[in-house]
Amino acid sequence: MEWQFDSRYRYHQKIKAFISRNFFLPRIKPLSNDQKYSDWIKLNEQKDTFPISQMEEAYLPKISLIMPVWNTGEKWLNLAIQSVLHQSYTNWELCIADGNSIDPKIKEIIQTSGNLDDRITYVFLAKNKGIAGNTNEALKLASGEFVGFLDHDDTLSENCLN
């Protein structure tokens, strides 16, 4: 018995071919064994894929970034928040839910960040609800058309949201 592709597969292949023909998607070269990751990023990561000058004319949906926090190190939390603040795409919001972290400096970092930038909203929970519960609480703060998830010790490249 021969294998028969269903119509969904053929449709998917046609869309894929159309996109690659018409939008000239960049070809990403695989990382070789003797290549450093930082060098690979320089070669493959696009800078200014969406020029700032064109942003005023384009459709710019709000992206809600959801960040659950609990007992993270100050350094990592600061780096995560800074990586969001340095995005070249500007229509975002960072929604943070802290699950009652023990270190008071964590709350201070979150509050200070929220006071410095109105796009950062936060909630301090009475008790830790775990990563799923804290994520759901942060999600309640979201008002964007799209949602992305960011852990409290992750960092984003500056053009991640483009």
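Cut-off values and rules
Residues numbered from 1 in each chain as written. Predicted model: local features only at pLDDT ≥ 70, side-chain atom pairs only at ≥ 80, totals over all residues. Heavy atoms only, no water. Axes fitted to C-alpha atoms, helices over the stretch in contact; angles between N-to-C directions. Helix = DSSP H or I, 4+ residues; strand = E, 2+ residues; numbered from the N terminus. Parallel < 35°, antiparallel > 145°, perpendicular 65-115°, else oblique. Left-handed = near helix turned anticlockwise from the far one by under 90°. Contact = heavy atoms within 4.5 Å. Expected span 1.5 Å × (residues − 1). Buried < 20%, exposed > 50% of the residue type's maximum accessible area, 1.4 Å probe, protein only. Arc of directions from axis to C-beta. Polar contact = N/O pair within 3.5 Å; in protein donor to acceptor, adjacent residues only side chain to side chain.

Mind showing me how you'd approach the packing of helix α4 (residues 74-85) against helix α5 (residues 104-116) here?
Think of two packed helices as two axes; the pair is described by the angle between the axes and how far apart they sit. The interhelical angle for the contact between α4 and α5, taken along N-to-C directions, is 15 degrees, at an axis separation of 10 Å. The angle between α4 and α5 places the two elements in the roughly parallel class. For the pair α4 and α5, the crossing hand works out as right-handed. Counted together, E74, L77, N78 and I81 of α4 and K105, I106, I109, I110 and S113 of α5 form the full contact between these two elements.

What am I meant to see in α5 here?
In an α-helix there are 3.6 residues to a turn, and that puts residues three or four apart on one side. Taking 1.5 Å of rise per residue, the 13 residues of α5 would be expected to cover 18 Å, and the 19 Å separating its terminal C-alpha atoms lies within 8% of that figure. Of all the residues in α5, the buried ones are I106, I109, I110, S113 and G114. Looking straight down α5, one finds its buried side chains confined to an arc of 125 degrees; they lie on one side. In α5, the exposed residues that point more than 90 degrees away from the buried face are P104, E108, N115 and L116. Check the buried side of α5 and you find it contacts β1 (63-69), α4, β2 (92-98) and β3 (120-124). The N-cap of α5, judged by a side-chain oxygen 2.9 Å from the amide nitrogen of K105 a few residues on, is D103.

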